[in-house]
Amino acid sequence: MTGSTAPTLLRPFDLLGGWAIRLVASLGRFGSFLGEAFVTMLTPPLKFWAFVDRINFIGYRSLLIILLTGTFTGMVLGLQIFLTLSRFGSEAFLGPAVALSIIRELGPVLAALMVTGRAGSALTAEIGIMRITEQIDALTVMALNPMRYLVAPSIFAGILTFPLMTAMFDVIGIFGGYLVGVELLGLSAGTYFGEMQSFVDMGDVMLGFWKSVSFGIIVTWVCTYKGFHVGHGAEGVARATTQAVVMSSVLILVWDYFLGTVLP
Amino acid sequence: MIKVEGVTKSFGDHTVLRGLDLEVPTGSITVIIGRSGGGKSVFLRHLIGLVRPDAGRILVDGVDVARLGGRALDDIRRRFGVVFQGGALFDSMTCGENVAFPLREKLRLPRTEIAKRVDAALAQVGLEGVERKYPAEVSGGMRKRVAIARALVTEPEIVFFDEPTTGLDPVLVNTIHHLIADLHRRHRFTAIMVSHEIPEIFQIADLVGMLYEGRIVEIGPPASIEASANRIVRQFIRGEPEAAQ
């Protein structure tokens, strides 16, 4: 990079301008990476077995952590909401309160954060190592598009697996609330599930669904991009992995708020 | 014929190539020697279209690789085989799958034909029985040979070797060099190799070019390079320390 040639007084503006240009350029690269991935996804041939492998990598191998966190999130919610509602004599609303919290908000967000920690970081590290060991270059010089083999199947798998994992998180979370509310604290099962049916509608489920689909895109997009544009050596991979997890997590929370205000 | 004309490349303030010129005759083994960090690998990456020059032309049979993109670049790359410095084997695949990969994905051959060609490719680099092993399960020398088998299995016209013997012991260095020479005799591909295995590399090279400060300062048959009057070339091939300059 060439050093600043601006007069001393103007140097801060020169640096700020340079920083802004680099930021816009990197955002452009980030956006065009997703565009290229979608174009590759929508044009044949689809690398079917690479896609199946990514479903296994992102989805199936994250199941245990999803079920575990889902159960305990539901149990914590069941306990805390029961204690709060009992102050107003409204324990009957425990079912809908747990279900709405999980289906609309906690299910998509926590499932996405968990998958980011488990699969997203591994995705960045795997692609990053392929980059620094010239495996991606090897694909390129074989006249094979690395986007088709590495990125498109991951994003496609993210779109498919995130809603499925969110659904599992929701179901097991509601069951966790049932364990605490009904089995431990004595609420009747009929009240827990009956009130849930009255208050939870399809709009709530769809909100969670659209959130999980968009989180699937965000996490796989960020993590494959960071792996693809990794720096040098092991330190570069370590830095890219950390950045991928932090950036995915922040984007999940920001996008969650945005969707929460836009969607009904 | 590969012809490189005035290739210049800078990364920020650092200029790596300064108007590099080179002619590689068809069917020859041309070796580029030069100091570590001198831009040999960067130059090789220009030849295979992974890096674009700031100025200059890279002509492969009259077509400028530096100006190509998309399908036209892919078409010309189908004529290439590349052996990367570390082998660049796909570590999620077995050695056999690595060699089969370009046949399956590039040439889309039937399974029986692929199996036959993989066996033949591994046999000609002296590796039988490693098909089911992963790259991490075989030695460094074996990995290099699998990488050579993968690069040659599609019978490319031009093969690029980026320091194919780095990190190997002297016996393995000579084994790999003789293997490359033997394969070259059989397949008659054009080979461009980056190496600093001096003087071993002189045994197999048709032409040796010395890259120094971004330019080819001397090129010729191994005997003429060994007898060079150029101080930089002499210092490099004799391994004289910098203080002796």
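Refer to the structure presented above.
Residues numbered from 1 in each chain as written. Chains lettered and ligands numbered in written order. Predicted model: local features only at pLDDT ≥ 70, side-chain atom pairs only at ≥ 80, totals over all residues.

Side note on the overall build of chain A
- In terms of helices and strands, chain A carries 9 helices and 0 strands.
- Along its sequence from the N terminus, chain A presents helices and strands in the succession α-α-α-α-α-α-α-α-α.
- When the backbone C-alpha atoms are referred to their principal axes, chain A occupies close to 70 × 55 × 30 Å.
- Across the 264 residues of chain A, 40% fall into the buried class.
- In chain A, 86% of the contacts between residues at least 6 apart in sequence involve partners at least 24 apart. (Helix = DSSP H or I, 4+ residues; strand = E, 2+ residues; numbered from the N terminus. Buried ≥ 20, exposed ≤ 12 C-beta atoms within 10 Å, placed from the backbone. Contact = placed C-beta atoms within 7 Å.)

A closer look at the packing of helix α4 (residues 94-132) of chain A against helix α7 (residues 189-199) of chain A
All names here are of chain A.
- Two numbers describe how α4 lies on α7: the axes approach to 6 Å, and their chain directions differ by 55°. As judged from the angle between their axes, α4 and α7 are oblique. Where α4 crosses over α7, the two elements pack in a sense that is right-handed. In this structure, α4 uses Leu94, Gly95, Pro96, Ala99 and Leu100 to contact α7, whose residues at the interface are Thr191, Tyr192, Phe193, Glu195, Met196 and Phe199. (Axes fitted to C-alpha atoms, helices over the stretch in contact; angles between N-to-C directions. Parallel < 35°, antiparallel > 145°, perpendicular 65-115°, else oblique. Left-handed = near helix turned anticlockwise from the far one by under 90°.)

Concerning the sheet that holds strand β5 (residues 63-64) of chain B
Residue and element names in this part refer to chain B.
- One open sheet holds the 4 strands; their spatial order is β2-β1-β4-β5, and the pairing between them is antiparallel. Unpaired on one side and paired on the other, β2 (14-24) and β5 mark the two borders of the sheet.
- Where strand β4 (residues 55-60) and β5 come together, 2 bridges link them in antiparallel fashion. Counterpart to Val60 in the pairing with β5 is Val63.
- Most of the contacts of helix α1 (residues 40-47) go to β2, to which it runs at about 60°, and overall it touches β1 (2-11), β2 and β4. (Pairing = 2+ DSSP bridges.)

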